[in-house]
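Spelled out from the first residue to the last, the chains are:
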Amino acid sequence: MADGSSFYITTPIFYVNDVPHIGHAYTEVAADVLARWNRQAGRDTWMLTGTDEHGQKILRTATANGVTPQEWADKLVAEAWKPLLDTIDVANDDFIRTTDERHEANVQRFLQKLYDDGHIYTGEYEGYYCVGCEEYKQQSELVDGEGEYAGQLVCAIHSKPVELLHEKNYFFRMSAFADRLLELYETRPDFVQPESARNEVVSFVRSGLADLSISRSTFDWGVKVPWDESHVVYVWFDALLNYITAVGYGQDDAEFARRWPAQHLVGKDILRFHAVIWPAMLMAAGLEVPRGVFGHGWLLVGGEKMSKSKLTGIAPEQITDTFGSDAFRYYFLSAIHFGQDGSFSWEDLAARYQAELANGFGNLASRVIAMIGRYCDGQVPSGEAGRTDADAAVAALEAEVTDAAWRAIERLHVHEAIAAAWRLVDALNGYLTEQEPWALAKDPAQRDRLEAVLATAYRGLGTLAVLLSPVLPKATGKLWTALGAPGTVQEQPIDRAHEWTPGSRVAALEPLFPRVEVAE
RNA sequence: GGGGCGGUAGCUCAGCCGGUCAGAGCAGUGGACUCAUAAUCCAUCGGUCACGGGUUCAAGUCCCGUCCGCCCUACCA
């Protein structure tokens with residue numbers, strides 16, 4: 001079970017040039033559920049998210065829009081990225097921007113230390129640079145252009161011409177850390193999850209690591225290299241450091257010691273930055289490597305990957321406007337095996353909303369609350385006198401799923417945790433059908449049994465409220481109120497969900513997941 | 001070119017070291033029930049397990065090849 005230990009979880013910081021789509025929201029929601037769950041289990045929890053605001057692409061976009069890059073970033077943070085967190089009900093503890101003073105100053109501190117310790121050298125770099133990708137491309141990543149770009153080499157991802165750049169750069173001796181990285185993957189097999197992601201990382205590092213160019217001098221929108229202000233720090237090197245600058249690196253040792261190391265959650269497309277470059281940077285600085293890096297899958301829409309670069313995304317509001325934030329959270333975290341790619345479709349979303357949330361959980365809550373209102377005048381019965389083995393079985397299941405869910409969360413298997421809780425939803429619906437409290441209510445002689453059945457259902461419902469509160473914070477909050485239970489549902493120890501304290505009276509409950517009329 | 005992953009009921013997916021492995025959920029169909037959001041519960045229809053070979057007493061489950069989708073990673077220019 002949980003102790004008071006620290007749990008620090010991060011999402012990637014969003015590149016402000018993008019428009020939020022459900023892929024971004026998926027990562028956020030996953031991190032948020034893990035954070036809420038750990039927090040509710042008594043761990044000293046911290047969830048960080050934020051924005052990545054430097055780099056040539058943002059400079060160019062801002063210029064094209066006639067504003068400074070800072071103004072551009074401010075606008076997008078205020079109008080797109082922070083609102084996204086509200087849209088999907090994310091309760092992050094902090095939001096870092098790479099333009100924050102606390103970040104920039106300590107990126108410089110970090111870099112200076114690496115420089116002083118001999119991990120950085122001056123070199124010459126020539127290569128094809130894709131502005132869209134913010135990185136130099138290998139020949140294999142380029143294709144011949146078509147149409148207006150015929151005859152030129154273009155980036156395979158962006159289909160835009162690359163530029164041949166030749167610049168003096170500062171290089172990070174990443175190659176020196178290959179052996180230590182391999183040892184890390186070896187001794188901590190769960191450092192990179194899932195297994196498939198780990199295998200790719202290992203084979204990548206085994207094939208040899210090159211040093212990393214970490215500065216740019218062709219533009220100036222970035223953190224200045226402290227010993228050479230004609231250079232700015234490479235945007236990825238800058239961005240990765242947010243995970244430590246946000247928790248006190250360089251300026252609050254106590255806070256840093258309390259939080260670090262973090263569990264990182266990333267899309268598998270940026271796994272390498274987090275599982276190779278980032279640990280190497282930390283090793284060079286003499287800091288602890290992350291607790292782990294989990295690379296989740298992509299959301300497939302119509303069989304195709306949703307793309308950050310191609311802006312083929314679906315906006316989260318399209319879903320939450322109709323189904324609500326709880327349904328958004330539930331759908332993506334339960335329907336998709338966390339770590340694997342998952343198919344999204346409106347049909348599937350609507351079907352699961354209806355079958356699982358409305359008819360399964362929501363209706364269960366309605367019928368139990370309604371029966372206590374009707375048969376017990378709203379008084380929560382103790383039910384002690386009429387218990388049978390059936391009630392003991394439900395109680396045992398509550399304990400079992402509570403335990404199973406928590407074990408799943410500890411392994412970051414969110415979908416398993418939800419599935420465990422859902423076993424209780426199904427069991428309670430079945431229990432009610434078998435026990436037929438509505439029939440018991442017609443016979444005064446069965447009064448004790450009726451109260452026992454309703455008490456058992458009531459208890460089970462409360463356990464569900466606690467267990468599902470990280471995933472369905474809004475609905476379980478309403479349910480908690482209807483149950484008349486003391487305090488808030490978020491205050492209940494989730495690793496002992498089945499031990500919640502019942503209330504004395506139930507209150508009316510509106511449908512938690514109203515039926516949705518679906519177009520098409 | 002190498003490496004890896006996937007192709008199982010209409011849909012989304014489980015099936016570890018070969019022997020009730022042909023499954024689950026949803027959808028569909030039939031029935032029961034009425035506390036509840038026309039809900040719930042029970043039963044049931046449904047698959048040549050991508051394709052072709054092979055190993056074996058026995059293969060979605062191992063081997064070889066082919067096709068399709070995807071990921072990682074080279075080389076030549």
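Use the structure listed above.
Residues numbered from 1 in each chain as written. Chains lettered and ligands numbered in written order. Predicted model: local features only at pLDDT ≥ 70, side-chain atom pairs only at ≥ 80, totals over all residues. Heavy atoms only, no water.

Caption draft 1: Layout of the overall build of chain A. Secondary structure summary: chain A contains 18 helices and 19 strands in total. Taking 24 Å as the expected radius of gyration for a compact globule of 520 residues, we find that chain A reaches 26 Å, a close match to that expectation. For chain A, the C-alpha atoms occupy an extent of roughly 90 × 50 × 40 Å along the three principal directions. Looking at chain A alone, contacts between residues at least 24 apart form 76% of all its contacts between residues at least 6 apart. A total accessible area of about 21,200 Å² is found for chain A, and carbon and sulfur atoms account for 48% of it. If the 46 positive side-chain charges of chain A are averaged to one point and the 74 negative ones to another, these points end up 2 Å apart. (Helix = DSSP H or I, 4+ residues; strand = E, 2+ residues; numbered from the N terminus. Rg over C-alpha atoms; globule rule 2.2 N^0.38 Å. Contact = heavy atoms within 4.5 Å. Areas by Shrake-Rupley, 256 points an atom, 1.4 Å probe, with all protein chains shown as cover. Lys, Arg positive; Asp, Glu negative; His and termini not counted. Charge placed at Lys NZ, Arg CZ, Asp CG, Glu CD.)

Caption draft 2: Representation of helix 2 (residues 56-64). Every buried residue of helix 2 is accounted for by Gln56, Lys57, Ile58, Leu59, Thr61 and Ala62. Just downstream of helix 2, Gly66 is the residue with a positive phi angle, here 70°. (Buried < 20%, exposed > 50% of the residue type's maximum accessible area, 1.4 Å probe, protein only.)

Caption draft 3: Just the packing of helix 14 (residues 389-410) against helix 15 (residues 414-435), in detail. Two elements in contact, helix 14 and helix 15, have axes separated by 7 Å at closest approach and are oriented at 170°. Considering their axes alone, helix 14 and helix 15 lie roughly antiparallel with respect to each other. In contact with Ala390, Asp391, Val394, Leu397, Glu398, Glu400, Val401, Ala404, Ala405, Ala408 and Ile409 of helix 14, helix 15 contributes Val414, Glu416, Ala417, Ala420, Arg423, Leu424, Ala427, Leu428, Tyr431 and Gln435. In terms of residue class, the contact of helix 14 with helix 15 is built from 15 nonpolar, one polar and five charged. (Axes fitted to C-alpha atoms, helices over the stretch in contact; angles between N-to-C directions. Parallel < 35°, antiparallel > 145°, perpendicular 65-115°, else oblique. Nonpolar A, V, L, I, M, F, W, Y, C, P; charged D, E, K, R; others polar.)

Caption draft 4: The arrangement of the nonpolar core in detail. Residues Phe172, Phe237 and Phe361 are the most contacted members of the largest nonpolar core, which totals 175 residues. Among residues more than four places away in sequence, those in contact with Phe172 are Leu114, His119, Ile120, Phe177, Asp211, Leu212, Ile214, Phe237, Ala280, Met281 and Ala284. (Core = buried A, V, L, I, M, F, W, Y, C linked by side-chain atoms within 4.5 Å.)

Caption draft 5: Layout of the pattern of salt bridges. Under the definition given, this model contains 24 salt bridges. We note a salt bridge from Asp89 to Lys474, for which the minimum N-O separation is 3.2 Å. Residue Asp89 is found in the loop between helix 3 (69-87) and strand 4 (94-97), and its partner Lys474 is found in helix 18 (residues 473-483); the two are separated by 385 residues along the sequence. Its relative accessible area of 18% is what places Asp89 among the buried residues. Between Lys168 and Asp228 there is a salt bridge whose closest N-O contact spans 3.7 Å. Placement of the pair is Lys168 in strand 9 (residues 163-172) and Asp228 in strand 14 (residues 228-233), with a sequence separation of 60 residues. Each member of the salt-bridge network shares a partner with another, and the members are Asp32, Arg36, Asp89, Arg329 and Lys474. (Salt bridge = Lys/Arg side-chain N within 4 Å of Asp/Glu carboxyl O.)

Caption draft 6: Spotlight on the sheet that holds strand 12 (residues 215-216). What the three strands build is an open sheet, ordered 12-14-13; its pairing is antiparallel. Edge positions in the sheet fall to strand 12 and strand 13 (224-225), since each has one partner strand and no second. (Pairing = 2+ DSSP bridges.)

Caption draft 7: The arrangement of empty space enclosed by the protein in detail. Evaluated as defined, the whole model comprises one cavity of 30 Å³ or more. By volume, the largest cavity amounts to about 30 Å³. Lining of the largest cavity is provided by eleven residues; of these, Gly55, Phe219, Val233, Tyr234 and Val235 occupy positions nearest its centre. (1 Å grid on protein atoms, 1.4 Å probe; cavity = no way out; pocket = protein on both sides within 12 Å on 5 of 7 lines; lining within 4 Å. Points joined across faces, edges and corners; volume = space filled by probe spheres on them.)

Caption draft 8: How the structure looks around the packing of aromatic side chains. For the coordinates displayed, the defined rule picks out 30 aromatic pairs. For the ring pair Tyr170 and Trp227, a centre distance of 5.3 Å and an interplane angle of 85° mean the geometry is edge-to-face. Of this pair, Tyr170 sits in strand 9 while Trp227 sits in the loop between strand 13 and strand 14, and the two are 57 residues apart along the sequence. For Trp227, a relative accessible area of 22% gives the class partly exposed. Ring geometry for Phe328 and Phe332: centres 4.6 Å apart, planes at 50°, overall tilted. Placement of both Phe328 and Phe332 in helix 12 (residues 325-335) is noted, with a separation of four residues, approximately one turn of the helix. The two residues Phe328 and Phe332 agree in class, both being buried. Ring-pair connections join several aromatic residues into one group, and the members of that group are Tyr8, Phe110, Phe172, Phe177, Phe237, Tyr243, Tyr249, Phe256, Trp260 and Trp278. Across the ring face of Phe95, the terminal group of Lys82 is positioned such that the distance to the ring centre comes to 4.9 Å. Seen from the ring of Trp298, Lys268 lies directly overhead, with NZ or CZ sitting 4.6 Å from the centre. (Phe/Tyr/Trp six-rings, centres within 6.5 Å; stacked < 30°, edge-to-face > 60°. Lys NZ or Arg CZ within 6 Å of the ring centre and 35° of its normal.)

Caption draft 9: Region of the structure containing the pairing of strand 4. Burial along strand 4 is two-sided: the face carrying Asp94 and Ile96 and the face carrying Phe95 and Arg97 are both buried. Direction of pairing for strand 3 (residues 44-52) relative to strand 4: parallel, over a ladder of four bridges. Within the sheet, the bridge partner assigned to Gly50 lies in strand 4 and is Ile96.

Caption draft 10: Region of the structure containing the pairing of strand 3. Burial within strand 3 is extensive, with eight of its nine residues counted as buried. Alignment of strand 1 (residues 6-10) against strand 3, held across five bridges, turns out to be parallel. Residue pairing across strands places Thr10 opposite Leu48, the latter belonging to strand 3. In the sheet, strand 2 (residues 14-15) pairs with strand 3 via two bridges, with the strands oriented parallel. Looking at strand 3, one finds that Phe14 is bridged to Thr51.

Caption draft 11: Spotlight on helix 18. Buried within helix 18 are the following residues: Pro473, Ala475, Thr476, Leu479, Trp480, Ala482 and Leu483. Tucked into the core, helix 18 has its buried residues touching helix 1 (22-40), helix 12, helix 13 (346-376) and helix 17 (447-468). A positive backbone phi angle near 70° is found at Gly484, which sits one or two residues after helix 18.

Caption draft 12: The side chain of Arg36, seen in detail. For Arg36, the location among the structural elements is in helix 1. Among the residues examined, Arg36 registers a relative accessible area of 12% and is labelled buried.

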